[in-house]
Amino acid sequence: MAPVFPLHRLPHVAFDKEQRIKAAINRERVSFTENLREYCLNTTIHGLKYIGTVSLTLCERAYFFLTFLVVTACSIYFISNVYIKWQSSPIIIALNPIATHIRDIPFPAVTICNMNQMRREAAERIEQNTLEETVLQSICSIDDDFNDTQYEGNWSAVKRMLLSATQPCSALLKACRYAKQPERCSEIFQSIFTDEGLCCTFNTLDTVYMFRNATAPSIFPTEAGSSSGRFRPILWTPENGYAEEPSNASYPRFIAGPGVAMGLAMVLDANASDYFCSSTSSVGFKIIFHSPSETPKITDYAQYIPVGTENRIIITPKINDATDQIRKVAQAQRQCVFASEANLSYYSVYSRNNCELECEAKLILENCGCVLYYLPKLYEDTKICSRANARCYEQIRNSIAFSANTSISCSCLPGCFEISYVPDLTTAELQVGRFAIRETLLDNVKDEVYAKQNLALVYIFVKDMYYRSFTKGELVGFTDFLSNVGGLLGLFLGFSIISLIEVIYFVTLRPYCAKRKQQRINRKEQNVEANHLTAARNELLWFGSKPFNTTAIQFLGRPTDAERYDAHDYHLQTGRNAMVKEFATKLKHLVHSRLQQANGWVRNTFRSRRTQLGRGFGQERTGTSYPFYD
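As the structure is a prediction and not an experimental result, all values here were calculated from the model. Here, residues in each chain are numbered from 1, in the same order as that chain's written sequence. In view of the model being predicted, local features appear only for residues whose pLDDT reaches at least 70, and side-chain atom pairs are presented and counted only at 80 or more, with totals across whole chains, interfaces and linings using the full set of residues. Side-chain numbers come from the whole structure's heavy atoms, not from hydrogens or water.

**Concerning the sheet that holds strand E17 (residues 303–306)**
So, step 1. As summarised here, the arrangement of the 5 strands in space is E8-E9-E4-E16-E17, forming an open sheet in which the pairing is antiparallel. The outermost strands of the open sheet, each flanked by one partner alone, are strand E8 (189–194) and E17. Taken pair by pair, the neighbouring strands of this sheet meet at an average axis angle of 35°, ignoring direction.
So, step 2. Whether two strands pair depends on DSSP finding at least two bridges between them. Only DSSP runs of H or I with at least four residues qualify as helices, and only runs of E with at least two residues qualify as strands; both kinds are numbered from the N terminus onward. Bridging between strand E4 (residues 109–114) and strand E16 (residues 284–290) involves 6 bridges; their strand directions are antiparallel. The partner of Thr-111 across the bridge, within E16, is Ile-288. Working convention: axes come from line fits to C-alpha atoms, limited for helices to the stretch in contact. Angles between N-to-C directions cover 0 to 180 degrees.

**Observations regarding empty space enclosed by the protein**
So, step 1. Using a 1 Å grid laid over the protein atoms alone, points where a 1.4 Å probe fits but cannot get out form a cavity; open sets with protein on both sides within 12 Å along at least 5 of 7 lines form a pocket; any residue with an atom within 4 Å of a point counts as lining. Grid points are joined across faces, edges and corners, and a volume is the space filled by probe spheres set on the points. Counted by the stated rule, this structure contains 5 cavities of 30 Å³ or more.
So, step 2. Approximately 70 Å³ is the volume found for the second largest cavity.
So, step 3. The wall of the second largest cavity is formed by 13 residues, among which Asn-114, Asn-116, Gln-167, Leu-198 and Cys-199 lie closest to the centre.
So, step 4. Those elements giving two or more residues to the lining of the second largest cavity turn out to be E4, strand E5 (116–119) and strand E9 (197–202).
So, step 5. In terms of residue count, the dominant contributor to the lining of the second largest cavity is E9 (4 residues).
So, step 6. Charged means Asp, Glu, Lys or Arg here, nonpolar means Ala, Val, Leu, Ile, Met, Phe, Trp, Tyr, Cys or Pro, and polar covers whatever is left, Gly included. Here the residues of the lining of the second largest cavity sort into 6 nonpolar, 6 polar and 1 charged.

**A short note on the packing of helix H4 (residues 58–88) against helix H16 (residues 478–492)**
So, step 1. For the pair H4 and H16, interaxial distance at closest approach is 9 Å and the crossing angle is 165°. In terms of their interaxial angle, H4 and H16 are classed as roughly antiparallel. Crossing hand, H4 versus H16: right-handed. Within the contact between the two elements, H4 uses Val-71, Cys-74, Ser-75, Phe-78, Ile-79, Val-82, Tyr-83 and Trp-86 and H16 uses Phe-478, Phe-481, Asn-484, Val-485, Leu-488, Leu-489 and Phe-492.
So, step 2. Of the residues in the contact of H4 with H16, the class split is 13 nonpolar, 2 polar and no charged. Angles are sorted into four bins: roughly parallel if under 35 degrees, roughly antiparallel if over 145, roughly perpendicular if 65 to 115, and oblique for all others. The crossing is said to be left-handed when, going from far helix to near helix, the turn is anticlockwise and less than a right angle, and right-handed when the turn is clockwise. Whether two residues are in contact is decided by their heavy atoms, any of which lying within 4.5 Å being enough.

**A look at the nonpolar core**
So, step 1. We define the nonpolar core as a collection of buried residues of types Ala, Val, Leu, Ile, Met, Phe, Trp, Tyr and Cys that are connected through side-chain atoms lying within 4.5 Å of one another. In this scheme, a residue with accessible area under 20% of its type's maximum is buried, one over 50% is exposed, and one in between is partly exposed, where area comes from a 1.4 Å probe on protein chains only. With 99 residues, the main nonpolar core has Val-110, Phe-189, Leu-264, Met-266 and Ile-460 as its most contacted residues.
So, step 2. With 7 residues, the single largest contributor to this core is helix H13 (residues 352–368).
So, step 3. With residues near it in sequence (within four places) discarded, Met-266 still touches Val-110, Ile-112, Leu-173, Ala-175, Cys-176, Phe-189, Ile-287, Leu-441, Ala-456, Leu-457, Val-458 and Ile-460.
So, step 4. The next biggest cluster of nonpolar side chains, apart from the first, holds 15 residues, and it includes Tyr-39, Cys-40, Phe-68 and Val-476.

**Comments concerning helix H6 (residues 131–140)**
So, step 1. Counting buried residues in H6 gives 7 out of 10 residues, a clear majority hidden from the surface.
So, step 2. Where H6 is concerned, the buried positions are Thr-134, Val-135, Leu-136, Gln-137, Ser-138, Ile-139 and Cys-140.
So, step 3. Buried positions along H6 lie against E5, helix H5 (120–124), helix H7 (155–165) and strand E15 (275–278).
So, step 4. Two residues or fewer past H6, Ser-141 is found with a positive phi of approximately 55°.

**Examining the UniProt feature "transmembrane region" (unreviewed entry) in the protein**
So, step 1. UniProt positions are given in the numbering used here, feature names are shortened, and annotations may be inferred rather than shown by experiment. Taking the numbering used here, the UniProt-annotated feature "transmembrane region" (unreviewed entry) corresponds to residues 63–84 and 485–507.
So, step 2. Its end C-alpha atoms 32 Å apart, residues 63–84 is made of 100% helix and 0% strand.
So, step 3. Helix makes up 83% of residues 485–507 and strand makes up 0%, while its end C-alpha atoms are separated by 23 Å.

**Observations concerning the state of the cysteines**
So, step 1. By definition, disulfides here are pairs of cysteine sulfur atoms that lie within 2.5 Å. This structure, assessed with the given rule, holds 8 disulfides.
So, step 2. In this model Cys-113 forms its disulfide with Cys-199; the gap between the sulfur atoms is 1.8 Å. Because the torsion about its S-S bond is 110°, the bridge between Cys-113 and Cys-199 counts as right-handed. Placement of Cys-113 in strand E4 and of Cys-199 in strand E9 is noted, with a sequence separation of 86 residues between them.
So, step 3. Judged by relative accessible area, Cys-113 falls into the buried class, the value being 1%.
So, step 4. The disulfide that involves Cys-355 links it to Cys-412, with 2.2 Å between the sulfurs. Residues Cys-355 and Cys-412 are joined through a disulfide that is left-handed, its torsion about the S-S bond being -70°. With Cys-355 in helix H13 and Cys-412 in the loop between helix H14 (390–401) and strand E19 (418–429), this residue pair connects regions lying 57 residues apart in the sequence. The same class applies to Cys-355 and to Cys-412, which are both buried.

**Section: the pattern of salt bridges**
So, step 1. The term salt bridge refers to a pairing of a side-chain nitrogen on Lys or Arg with a carboxyl oxygen on Asp or Glu at a separation within 4 Å. Going through the model one piece at a time under the given rule, you end up with 20 salt bridges.
So, step 2. Salt-bridge contacts for Arg-119 lead to Asp-274; the nearest nitrogen and oxygen are separated by 4.0 Å. Of this pair, Arg-119 sits in strand E5 while Asp-274 is found in the loop between strand E14 (264–269) and E15, placing the two residues 155 residues apart along the sequence.
So, step 3. Residue Asp-274 is classed as buried on the basis of its relative accessible area, which comes to 11%.
So, step 4. Between Lys-328 and Glu-474 there is a salt bridge, with its nearest N and O atoms 2.9 Å apart.

**What about the packing of aromatic side chains?**
So, step 1. Only centres within 6.5 Å qualify two rings of Phe, Tyr or Trp (six-membered ring in Trp) as a pair; their planes then separate them into stacked at under 30 degrees, edge-to-face at over 60, and tilted for everything else. One pass over the full model with this rule turns up 16 aromatic pairs.
So, step 2. A centroid spacing of 5.8 Å and a plane angle of 50° characterise the contact between Tyr-178 and Phe-202, whose relative ring orientation is tilted. Residue Tyr-178 is found in strand E6 (residues 173–178), and its partner Phe-202 is found in strand E9; the two are separated by 24 residues along the sequence.
So, step 3. Relative to Phe-202, the ring of Phe-189 lies with its centre 5.5 Å away and its plane at 40°, an arrangement referred to as tilted. Taken together, the residues Phe-189 in strand E8 and Phe-202 in strand E9 connect sequence positions 13 residues apart.
So, step 4. The class for Phe-189 is buried, based on a relative accessible area of 2%.
So, step 5. Ring pairing ties together the aromatic residues Phe-107, Tyr-178, Phe-189 and Phe-202, which thus form one cluster.

**Considerations on H14**
So, step 1. Taking 1.5 Å of rise per residue, the 12 residues of H14 would be expected to cover 16 Å, and the 16 Å separating its terminal C-alpha atoms lies within 8% of that figure.
So, step 2. Along H14, the positions that sit buried rather than exposed are Ala-390, Tyr-393, Ile-396 and Ser-399.
So, step 3. Packed against the buried residues of H14 are H13. The span one expects for a helix is its residue count, reduced by one, times 1.5 Å.

Below, the structure written as structure tokens:
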């Protein structure tokens, strides 16, 4: 095909430039509708591709759109139910499949109190209208004169009175044995101040590990301590267990084994003839089993041991623990407190009982200005309540115990790790001296009448080797919640993590990348257009302007308009030398075409002259030829 030599360019070039600029601007603006349609056609969510398919009718697309809305609403409803369940009841209490060996469980702390709170011999020696008398009234709860102000609430006076006027542990405990080994009762029991006065406790934590402040008044009187150097105290907590390996020479003692022979056996003496005042209407003892890290409440929760009886108490440990996964759950939802979250001021080890004792002491101190002698006290000079303060502190105690009262209450949650002991008591009549018996603890008891009126034989033991704990765990954890949500979304919508990534991609990354790509294409087209204008301007400078509105003349060897522009683009990229070569080639073609044009003009001129001469001579000489013109 012969190339075409254009004779005009400028109007078309200007018009094409304007159209290209407008098209570039439109391409830079990524259409939201186009992007949404492309997302619907390519997403993994079910049903959206039918909405984005333009070949479907409007009715078909509306059908799938409404179906998608209904299915989405159903999935949201079921997911909300799962979320409410996750938030409202995240904790489940289940039986631990792994049993706990009794060697890992401490023997229960046993606290025993004589029902007699004051010895008659000591009470009769107290003179009237003295400080000792007001202390006696406070201990025995004698309601003589509430307005008596002789008692100034001195802790040292109360402690001295309790130690001198109540039955000591050496008189209460006549004989003891633990794990088949006879023991001195004064070495394994120690005195403790409780709401029943001075009592005796076995297997409790040492004061170093039980209390935070060593200078605070202790509920264990040092005058009646049991530390003889034979047993070494070690740390035990419900959450972490023993801090080191326990042994027979350490306490708190571990459970040596099942059966009555491996438990604790003791002979108790009530000394009924010396009774002066009591919180009960009978003669005997109060006994309670608690964790070694707790201070017991005898008055409200202890069991009775009558005199003249033989008692077997089977202990069943009740262990509560928790998984680490529930630490992130709020306390109000999991309903328990971990040791690291405890905020007690007096006790080192958290338990609900210890928390309630501290709370009761704080409320009585704030409202009455004093503290009961058996409650925790941070300072030695804290005022001790007397009978003059009875109305105040009794009202506070009743308000705390009354569950419907919300103005004064102690909101103490149980510990996430706790251990308690459930007793099962059986009793038989004690017989001494009538027949031979195997029990060696009663060898020194010969008086049958005294035994029936004052003594009680008690055995405390466990019957199983393993016990299962109740574990608090996650009912619906985050993994379970995510699985349920993913299953519902997959069932209704076919939604997955990849679908979420697609949404993020089409919303953020794709429009940004498309805009950047279009900007690069537009800049390239603008550069090409600028090069085209430059080439056209250079042609005008080299060959002069060409007339408008004329037809193009086609010459052999001349490239077409599109080919010339493509070649021109290529030469612009090769540099200045390529432009020189291109212009030389154009000049050659131009000269060649001008010579061909001139040659054709000469031939046409001679042909026309010959035709005119032939016509003139042909009228006369028809058929005659003229070689010169031929």
